Amino acid sequence: MIFVTNGDIEVLIRADMLQHIIGTDSTLLNKAELAAIQKIRTYLKTRYDVNAVFAASGADRNELILIYTIDIMLYDLHSRINPRKIPDLRRTRYKEAMEWLKQVQQGELCAELPKAVNNNGQQIGSDDIKWGSNPKREHYF
């Protein structure tokens with residue numbers, strides 16, 4: 001694994017339960033991690049330097065991103081067994097992770113992550129002003 005270690009996973013799931021989920025295929029954890037990282041990248045890449053976020057190791061990693069990566073991994077691993085019988089805990093934690101990612105993407109929350117910069121070295125996507133209005137309504141009486 002690249003970003004997540006076995007010790008990190010064991011914080012959220014016992015080793016025997018994880019072994020039961022992945023079975024004999026040891027590549028499943030790597031595939032699930034890559035899929036979770038890619039999903040998180042798609043939400044964060046417009047505002048944050050995701051290469052720096054996932055290049056960090058050890059204590060330099062953002063704990064919230066680490067936990068959400070593991071939550072997404074475990075949800076995906078459970079869904080491969082039987083999508084209708086995913087444990088409520090996994091479903092709830094996955095929904096919380098996805099909601100947080102959506103709020104960060106929309107600018108409702110600010111994550112403590114390195115900001116994305118353009119070619120000139122200026123931060124992008126952090127202090128943008130959003131313009132717009134509600135759709136025009138036409139009432140006929």
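Look up: the structure comes first, before these words.
Residues numbered from 1 in each chain as written. Predicted model: local features only at pLDDT ≥ 70, side-chain atom pairs only at ≥ 80, totals over all residues. Heavy atoms only, no water.

Participant: Explanation requested: the overall build of the protein in the structure shown.
Facilitator: Along the protein, the regular secondary structure elements total six helices and zero strands. Secondary structure elements of the protein, listed N to C terminal, follow the sequence α-α-α-α-α-α. Its C-alpha radius of gyration of 19 Å places the protein more than 25% over the 14 Å reference for a compact globule of 141 residues. Structurally, the protein occupies a C-alpha span of about 65 × 50 × 20 Å along its principal axes. A sequence separation of at least 24 residues applies to 72% of the contacts in the protein between residues at least 6 apart. When the accessible area of the protein is evaluated, it comes to approximately 9,500 Å², of which 50% is carbon and sulfur surface. Between the mean site of the 19 positive side-chain charges and the mean site of the 18 negative ones, the protein shows a separation of 8 Å. (Helix = DSSP H or I, 4+ residues; strand = E, 2+ residues; numbered from the N terminus. Rg over C-alpha atoms; globule rule 2.2 N^0.38 Å. Contact = heavy atoms within 4.5 Å. Areas by Shrake-Rupley, 256 points an atom, 1.4 Å probe, with all protein chains shown as cover. Lys, Arg positive; Asp, Glu negative; His and termini not counted. Charge placed at Lys NZ, Arg CZ, Asp CG, Glu CD.)

Participant: What's the story with the packing of helix α3 (residues 27-44) against helix α5 (residues 63-81) in this structure? I'm lost.
Facilitator: Helix packing for two helices is described by the angle between their axes and how far apart those axes are. At a minimum axis distance of 8 Å, the contact between α3 and α5 shows a crossing angle of 125 degrees. In terms of orientation, α3 and α5 fall into the oblique class. The hand of the α3/α5 crossing is right-handed. Of the residues in α5, those in contact with Leu-28, Leu-29, Ala-32, Glu-33, Ala-36, Ile-37, Lys-39, Ile-40 and Leu-44 of α3 are Ile-65, Tyr-68, Thr-69, Ile-72, Met-73, Asp-76, Leu-77 and Arg-80. (Axes fitted to C-alpha atoms, helices over the stretch in contact; angles between N-to-C directions. Parallel < 35°, antiparallel > 145°, perpendicular 65-115°, else oblique. Left-handed = near helix turned anticlockwise from the far one by under 90°.)

Participant: How should I be thinking about the packing of aromatic side chains in this particular structure?
Facilitator: For any pair of aromatic rings, the description consists of the separation of the ring centres together with the inter-plane angle of the planes. The tally for this structure, following the rule as stated, stands at three aromatic pairs. Aromatic side chains Phe-3 and Phe-54 sit 5.0 Å apart centroid to centroid with 75 degrees between the ring planes, which places their arrangement in the edge-to-face category. With Phe-3 in the segment before α1 (6-9) and Phe-54 in helix α4 (residues 50-55), the pair connects residues that are 51 residues apart, well separated along the chain. Residues Phe-3 and Phe-54 agree in their burial class; the two are buried. Ring geometry for Tyr-75 versus Tyr-94: centroids 3.9 Å apart, planes at 10 degrees, classification stacked. With Tyr-75 in helix α5 and Tyr-94 in helix α6 (residues 88-106), this residue pair connects regions lying 19 residues apart in the sequence. Like Tyr-75, the residue Tyr-94 is buried in the burial classification. (Phe/Tyr/Trp six-rings, centres within 6.5 Å; stacked < 30°, edge-to-face > 60°. Buried < 20%, exposed > 50% of the residue type's maximum accessible area, 1.4 Å probe, protein only.)

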